[in-house]
Amino acid sequence: MSFLISLVCCVVFVIVLKKRHKLTRKYIEPTFMVLMLIGIVALCQPVSFFLHRYGLTILLTGLVGFNIAIHMKPSE
């Protein structure tokens with residue numbers, strides 16, 4: 001359930017900012033790459049159960065967002 005909520009938030013975020021021409025592919029791709037790295041670190045760390053519990057959700061949200069971002073038209 002949390003993955004679906006984060007996925008919907010990710011898609012809405014990208015669509016709204018793309019429509020307003022505030023965010024280009026140049027900035028969206030690295031943002032979601034960093035989100036994927038945070039998800040990997042959250043899965044591998046032994047300290048916080050909260051981070052480990054939601055690490056896969058963070059990782060998958062970054063992956064889906066990155067896939068959406070790379071299929072956007074490049075801005076001129």
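Residues numbered from 1 in each chain as written. Predicted model: local features only at pLDDT ≥ 70, side-chain atom pairs only at ≥ 80, totals over all residues. Heavy atoms only, no water.

Student: Even after reading the chapter, I still don't get the overall build of the protein, so can you show me in this structure?
Tutor: When its secondary structure is counted, the protein shows three helices and zero strands. Taken from N to C terminus, the helices and strands of the protein fall in the order α-α-α. For the protein, with 76 residues in total, the buried portion stands at 25%. Put simply, 64% of the contacts in the protein that link residues at least 6 apart link residues at least 24 apart. (Helix = DSSP H or I, 4+ residues; strand = E, 2+ residues; numbered from the N terminus. Buried < 20%, exposed > 50% of the residue type's maximum accessible area, 1.4 Å probe, protein only. Contact = heavy atoms within 4.5 Å.)

Student: Would you explain the nonpolar core in this entry?
Tutor: In a soluble, globular protein the nonpolar side chains are often hidden away together inside. Counting residues in hydrophobic clusters, the biggest one holds eight residues: Cys10, Val14, Ile28, Phe32, Met36, Phe66, Ala69 and Met72. Contributions of two or more residues to this core are made by helix H1 (2-19), helix H2 (25-44) and helix H3 (49-70). Counting residues per element, this core draws most heavily on H2, which supplies three residues. When neighbours within four sequence positions are excluded, Ala69 is seen to be in contact with Arg25, Ile28, Glu29 and Phe32. (Core = buried A, V, L, I, M, F, W, Y, C linked by side-chain atoms within 4.5 Å.)

Student: When you look at the side chain of Gln45 in this model, what are you seeing that I'm missing?
Tutor: With respect to the helices and strands, the residue Gln45 is situated in the loop between H2 and H3. For Gln45, a relative accessible area of 16% translates into the label buried. Those residues within four positions of Gln45 in sequence are excluded, and the remaining contacts are Leu51 and His52.

Student: I'm lost on the confidence of the model for the protein in this one. Help?
Tutor: Interpretation of the predicted coordinates at a detailed level should be avoided for regions scoring low in pLDDT. Within the protein, residue pLDDT values average 80, and 86% of them lie at 70 or more. Of all the helices and strands in the protein, H1 carries the lowest mean pLDDT, 73, while H2 carries the highest, 87. (pLDDT = per-residue confidence, 0-100.)

Student: Explain H2 to me, please; I cannot follow it from the model alone.
Tutor: Think of an α-helix as 3.6 residues a turn; residues three or four steps apart then line up on the same face. The end-to-end C-alpha distance of H2, which contains 20 residues, comes to 29 Å, matching closely the 28 Å that a straight helix rising 1.5 Å per residue would cover. Taken residue by residue, H2 has Ile28, Glu29, Phe32, Met36, Gly39 and Ala42 as its buried positions. Projection of H2 onto a plane perpendicular to its axis shows the buried side chains occupying an angular sector of 145 degrees, all on one side. Those residues of H2 that are exposed and angled more than 90 degrees off the buried face are Lys26, Leu37, Val41 and Cys44. (Expected span 1.5 Å × (residues − 1). Arc of directions from axis to C-beta.)

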